[in-house]
Amino acid sequence: KIEELWLNCSAVRKNLIMNMFGVINDEVFTAENPDAVIFTQPFSEDGIISEREKIELYGHILKKEKCVIKPHPRDLTDYSLFFPEVKVLSGHVPIELYSIMGMKFKKVYTIFSTSVFGLPYSPEIHFLGTKSHPALLKHFGLIEYKNGKITGNIMPPQ
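These numbers were taken from a predicted model, which means no experiment stands behind them.

Definitions and cut-offs
Note on numbering: residues in each chain are counted from 1, in written sequence order. Side-chain atom pairs in this predicted model are given and counted only at pLDDT of 80 or more, local residue features only at pLDDT of at least 70, and totals for whole chains, interfaces and linings cover all residues. The basis for the side-chain values is all heavy atoms of the structure; hydrogens and waters are excluded. Labels follow the DSSP assignment, with helices taken as runs of H or I lasting at least four residues and strands as runs of E lasting at least two, numbered in each case from the N terminus. As a reference, a globule follows 2.2 Å times the number of residues to the power 0.38, and the radius of gyration itself is taken over C-alpha atoms. Every residue pair with non-hydrogen atoms within 4.5 Å of one another is taken to be in contact. Asp and Glu are treated as the negative residues and Lys and Arg as the positive ones, with His and the ends of the chain left uncounted. We put the charge of a Lys on NZ, of an Arg on CZ, of an Asp on CG and of a Glu on CD. In this scheme, a residue with accessible area under 20% of its type's maximum is buried, one over 50% is exposed, and one in between is partly exposed, where area comes from a 1.4 Å probe on protein chains only. Between N or O atoms, a polar contact is any pair within 3.5 Å; within protein, one atom must be a potential hydrogen donor and the other a potential acceptor, and residues adjacent in sequence are included only when both atoms are from side chains. Buried Ala, Val, Leu, Ile, Met, Phe, Trp, Tyr and Cys residues form a nonpolar core when they are joined through side-chain atoms within 4.5 Å. We call two strands paired when DSSP finds no fewer than two bridges between them. Every axis corresponds to a line fitted to the C-alpha atoms, with the helix fit spanning only the stretch in contact, and the corresponding angles, defined between N-to-C directions, vary from 0 to 180 degrees.

## Structural notes on the overall build of the protein
Step number 1: Looking only at helices and strands, the protein has seven helices and six strands in total.
Step number 2: For the protein, the sequential pattern of α-helices and β-strands runs α-α-α-β-α-β-α-α-β-β-α-β-β.
Step number 3: On C-alpha atoms alone, the protein measures out to a radius of gyration of 16 Å, which is about the 15 Å that the 2.2 N^0.38 rule sets for 158 residues.
Step number 4: Summarising its shape, the C-alpha atoms of the protein cover approximately 50 × 35 × 30 Å along the three principal directions.
Step number 5: Taking as baseline every contact in the protein between residues at least 6 positions apart, the subset at least 24 positions apart corresponds to 54%.
Step number 6: Distance between charge centres in the protein, computed from 18 positive and 18 negative side chains, equals 5 Å.

## Re the environment of T40
Step number 1: Inspection of the secondary structure assignment puts T40 in the loop between strand 1 (36–39) and helix 4 (51–64).
Step number 2: Residue T40 is classed as buried on the basis of its relative accessible area, which comes to 3%.
Step number 3: Distance from T40 to I69, taken between C-alpha atoms, is 7.3 Å for residues 29 residues apart in sequence.
Step number 4: Setting aside chain neighbours within four positions, we find T40 in contact with Y58, I69, K70, P71, H72, D75 and Y79.
Step number 5: Here H72 takes part through its backbone nitrogen, which lies 2.9 Å from a polar atom of the side chain of T40.
Step number 6: Among the polar contacts listed, one links the side chain of T40 to the side chain of D75, at a separation of 2.7 Å.

## Considering the nonpolar core
Note that soluble globular proteins tend to have their nonpolar side chains buried in a common cluster.
Step number 1: The biggest cluster of nonpolar side chains holds 22 residues, and the ones touching the most others in it are F43 and L136.
Step number 2: Elements that contribute at least two residues to this core include exactly strand 1, helix 4 and helix 7 (134–140).
Step number 3: A total of five residues in this core trace back to one element, the largest contributor, which is helix 4.
Step number 4: Discounting residues that sit within four places of it in the chain, L136 has contacts with F43, I48, I49, L57, I111, T130 and G141.
Step number 5: The next biggest cluster of nonpolar side chains, apart from the first, holds 19 residues, and it includes L89, I95, V108 and L119.

## Concerning the environment of G141
Step number 1: For G141, the location among the structural elements is in the loop between helix 7 and strand 5 (144–146).
Step number 2: With relative accessibility at 24%, the residue G141 sits in the partly exposed group.
Step number 3: Through-space distance from the C-alpha of G141 to that of G129 is 9.8 Å; in sequence the pair is 12 residues apart.

## Side note on the sheet that holds strand 4 (residues 124–127)
Step number 1: The four strands are arranged 2-1-3-4 in an open sheet whose pairing can be described as parallel. Both outer strands of the open sheet, strand 2 (68–70) and strand 4, are each paired with one neighbouring strand and no more. If you compare each strand with its neighbour and ignore which way they point, the axes differ by 20° on average.
Step number 2: As defined by bridge partners, strand 1 adjoins strand 2 across three bridges and the pair is classed as parallel. The partner of V37 across the bridge, within strand 2, is V68.
Step number 3: Where helix 4 meets the sheet, its contacts fall on strand 1, strand 2 and strand 3 (107–110), and the angle it forms with strand 1 comes to roughly 170°.

What follows is the structure, given as structure tokens:
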């Protein structure tokens, strides 16, 4: 298990891994409310919706739930400009690294990122699917998560 490997690593090796990703150890423990996280996706960068629409999409979640934001590595949006009260994690640090360092969330929110299924623990998953925006539904078709299974095709049409 990845957590066991991390626990058995020397402090030097742990620091080397954290430095490689630019992780500041305090960042893991300073999130104001680490009970929930939003995993973003690069929809505006891929030209599927505008940045404004993407901000509105995630803003709807933040109106209902206080969350930390974990941007996708290709997501270029500076969420701190739009949501200054929200902790934004580094998009270049794998969520698995944050997790083994002790950051765990009770709830994870995503449109349809499969990253929510790779966590080394079992949070409550809120998989909004492509019905959350008409342009996403049109571009990707119907993608949803029901009864523990993803229906639809995660890969965009060629």
